[in-house]
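# What the coordinates show
The primary structure of each chain is shown beneath.
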Amino acid sequence: TNQPCRTSDRAPPWRVFCVMGGGGSSSGNGRRRTTRTSGEPTSGRAVAAAAKKLRDLQRRLKFRGCLAPSVFEAPFEEAAVESLYRDLAARFRLARQTLLAVWLAAVTAASAGLFVGGAALGSSAQHGLLWGAVGASGVLLFALWTCVEADRLARRLLWSGTQACVGDAREHEALAAQVAQLRAQLGAAKYEEATMYKLLFRGQTRLASFSSGTSGPREFLLAAPEARSITNAVEGEPNLAIALALSGRTTDWDAVKRAATRLRHRDYGLRDYYVDVRQAFPELQLYTVTREEYKAGHRDISSGLTPDEEYRRTLGALFALYWLARVGIDGECGLSFGVDDDWAPRKIPEQEDLDGSAALKKRLTFYCNTPWKKLLQLLVDAGMLTERGGRGGAVEVAVPRMCAMLALTAIHDVFKVEALLPRVRPEHAPFKGFAAGDVINDHDVAMYYVLDHFPEALPSFAGLDATQRHSVLFTQSKMSFNHGWLVQAEAPPHALFARFKRVIMAGEANPPDVSFYFVHWLTDLAGAVPNPLDGSERLVLGFPYQVLGSFITSFSVLSALATQTETEVFETYLESYWRDAAPRLRLGAPPSGEHAIAMMRLLCQAQSTEAQESVLAAWEKLSADDEKVLCDEMSRTGIADQHFRASAQKRPGGPAILVYYSPQLVRSLTPDSASQALAILAEVYRHPYPHGTRTHPTLPPR
């Protein structure tokens, strides 16, 4: 009910309020029994504590009955309940002060009446007593009437305040219910693909034949967008074909800069980043372009994957860039373990989670053993991150450089789509081995051709400044660089770096450009498995962590190739690898002398600690002839005017022999047969020369 109700006749002259259906009932003895609702108030400990304060206040004021418990069932905020408590306490305090004032006035009036009556006794006792009694009775009656009115006023104030508060609470409860309903509707709508996909990606629709891996609440947004088909009339003409496929869309540079600027903000989640890059780069829809007419013997994607899978590999590279830029925040967990259904990085697994899960153990090993600081330093060396206050300071994003890497990552595999492959025009022929009229079927060369001759065809490249365009173009050069040859010291400097060095010199690249190339190389490799929300499965599950660690160690050395010779860079890497291995192998400083280069290369080829220990021990037992062969042959550079600093004797530069799979030979025979491995390797180096005689032809300088 919404009205005050009286207690039984035996109850004191205090009214009991029945608020919003919470009134009590009288017991047999006439006392008021409060009806309580079951359960604890839904708003938690704070509300329960505030309700207790109100009940204590009522007891102190001898107020029988209670404010209905249903008042406290509303989802009160703590501040609202405390406000109610303070308001009601103030109203009760006012009522008590009013009553006290009235009673004091009544006592004063009665005393005055008795005094007047007593004074009247002097003239007439009968009249004095009569008038004194009448005066005192009148004062007492007035005081009683005033007290009743004050009580009624106090109760009216209390009632109006409580009713207003309960009304606000009920309104709050109704609004909270509406909010909960809207949240539920939003949660359901979030996975209604047709609606959310169009909202997030500006009216685009999902590819109809998407891979089954994109179904489910976590991955439905990853499906590639639909794109237009390419007609025969424009095929081979990149400026026309790409414009037709993009349907007039241009790069949203505000979204690009937002993604780059916020990469290291803690509250910038992967889902926010994905929405930004999807809105930013129109070229992402090129991965699903097909020919209008089927051509026998041709595929949509040269890699053999479906368009949706190739698109998701590009997303994997973009996500890897996101995680690398966030090393020190949550990038380590994201790259190692992936994300959950809410796109938040998964936590480091507990020991009980590892039982029976070989893949999870590999992920934990990757997380624990990866040199994360070196990865972050690679981005600093590439100019994508800057260290405030010098080396070791706080890391910030260099926005123009990061925008260039985002654009490169979005477009780098576009020409795996066969319908977009360019045809060499006569004025550009020959172009890197392709004659006029040839379709460039190498996607890297095709990208270089388009960026060089049709830069406006790809708006995300065209919008970069000249410096960043130069760096992006450098990454698309044919480096002919085998990273495995370096990290395992398999090849001599000429075979390893000659082509790479020529590209650097021709393109006038600087050390940051070389590091920029290796960031691109690493993110491309990291996204090779088309499951971008599960971290980098290619790096985490597909690489021995010792080899990956060697890759990462080499990055800081390779940037010097822009300013140093091939042999200097190779020797610097060997010495760096030796220093990194020294603590676990109890080695001293990098060696020098006749045997230095051979020993350091063999240490790199062995890779694992057990194999390395056995190789170093076997070296001490090697025959003098085999030792001389290995020292001579493994210390040759293949370049006439270059020699290793650590070698005391300056040997002729070549020819230098590249023994394919020599690291595999060494690892397969160690640790049990390390001596035989070195003897076989020496025989292989000795074998090319008839009768064991080596000639030293004169090599032309580079």
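Remember, predicted model here, so these are calculated numbers, not experimental data.

The subject of this paragraph is the packing of helix 22 (residues 566–585) against helix 23 (residues 596–606). In contact at an axis separation of 10 Å, helix 22 and helix 23 are set at 65° when each is read in the N-to-C sense. On the basis of the axis angle, helix 22 is roughly perpendicular to helix 23. For the crossing formed where helix 22 meets helix 23, the hand is left-handed. Residues F570, E571, Y573, L574, E575, Y577, W578, A581 and L585 of helix 22 form the contact with helix 23, whose participating residues are I597, M599, M600, R601, L603 and C604. The residue makeup of the contact of helix 22 with helix 23, split by class, is 12 nonpolar, no polar and three charged.

Next up on the list: the confidence of the model for the chain. Predicted confidence across the chain gives a mean pLDDT of 79, with 70% of residues reaching 70 or more. Within the model, the stretch residues 1–43 combines pLDDT values under 50 with 81 contacts to residues more than four positions away or in other chains. Confidence drops under a pLDDT of 50 for residues 60–76, and excluding neighbours within four residues, the segment shows 60 contacts in the predicted structure.

Next up on the list: the packing of aromatic side chains. The geometry of two aromatic rings is summed up by the distance between their centres and the angle between their planes. Within the structure shown, the criterion is met by 26 aromatic pairs. Note on Y274 and F319: the rings are 6.0 Å apart at their centroids and 90° apart in plane angle, and the pair reads as edge-to-face. Taken together, the residues span a long stretch of sequence, with Y274 in helix 7 (residues 270–280) and F319 in helix 8 (residues 307–325) at a distance of 45 residues. Each member of the pair, Y274 together with F319, is buried. Here the aromatic rings of Y517 and F518 are separated by 5.0 Å at their centres, their planes lie at 70°, and the arrangement is edge-to-face. The same class applies to Y517 as to F518, namely buried. Positioned over the ring face of F431 is K432, at 5.8 Å from the centre of the ring. Positioned above the aromatic ring of Y448, the side-chain terminus of K432 is 4.7 Å from the ring centre.

Relative to the helices and strands, D276 is located in helix 7. When its relative accessible area of 6% is taken as the criterion, D276 is described as buried. Separated by 22 residues in sequence, D276 and D254 have C-alpha atoms that sit 9.2 Å apart. Not counting chain neighbours up to four residues away, the residues in contact with D276 comprise A255, R258, A259 and Y268. At 2.6 Å, the side chain of D276 and the side chain of Y268 are in polar contact.

A word on helix 8. An α-helix turns once per 3.6 residues; consequently, residues spaced three or four apart project the same way. Between the first and last C-alpha of helix 8 there are 27 Å, a value that for 19 residues agrees with the 27 Å anticipated at 1.5 Å per step. The buried fraction of helix 8 amounts to 18 of the 19 residues, a majority that puts the element mostly inside the structure.

This brings us to the pattern of salt bridges. The tally for this structure, following the rule as stated, stands at 24 salt bridges. Its salt-bridge partner being E237, residue R425 comes within 2.9 Å of it at the nearest N-O pair. Of this pair, R425 sits in the loop between helix 13 (399–411) and helix 14 (443–453) while E237 sits in the loop between strand 3 (229–230) and helix 5 (238–246), and the two are 188 residues apart along the sequence. The network of salt bridges with common partners includes E310, R313, D413 and K416.

With that out of the way, let us pick up the packing of helix 12 (residues 372–381) against helix 21 (residues 545–558). Remark: helix 12 packs on helix 21, axes separated minimally by 10 Å, with the N-to-C direction vectors making an angle of 30°. What the angle tells us is that helix 12 and helix 21 run roughly parallel. Considering the relative orientation of helix 12 and helix 21, their crossing is left-handed. Where helix 12 approaches helix 21, its residues K374, L375, L378 and D381 are matched on the opposing element by I552, T553, F555 and S556. When the residues that make up the contact of helix 12 with helix 21 are grouped by side-chain class, the tally is four nonpolar, two polar and two charged.

What counts, and where the lines are drawn
Residues numbered from 1 in each chain as written. Predicted model: local features only at pLDDT ≥ 70, side-chain atom pairs only at ≥ 80, totals over all residues. Heavy atoms only, no water. Axes fitted to C-alpha atoms, helices over the stretch in contact; angles between N-to-C directions. Helix = DSSP H or I, 4+ residues; strand = E, 2+ residues; numbered from the N terminus. Parallel < 35°, antiparallel > 145°, perpendicular 65-115°, else oblique. Left-handed = near helix turned anticlockwise from the far one by under 90°. Contact = heavy atoms within 4.5 Å. Nonpolar A, V, L, I, M, F, W, Y, C, P; charged D, E, K, R; others polar. pLDDT = per-residue confidence, 0-100. Phe/Tyr/Trp six-rings, centres within 6.5 Å; stacked < 30°, edge-to-face > 60°. Buried < 20%, exposed > 50% of the residue type's maximum accessible area, 1.4 Å probe, protein only. Lys NZ or Arg CZ within 6 Å of the ring centre and 35° of its normal. Polar contact = N/O pair within 3.5 Å; in protein donor to acceptor, adjacent residues only side chain to side chain. Expected span 1.5 Å × (residues − 1). Salt bridge = Lys/Arg side-chain N within 4 Å of Asp/Glu carboxyl O.

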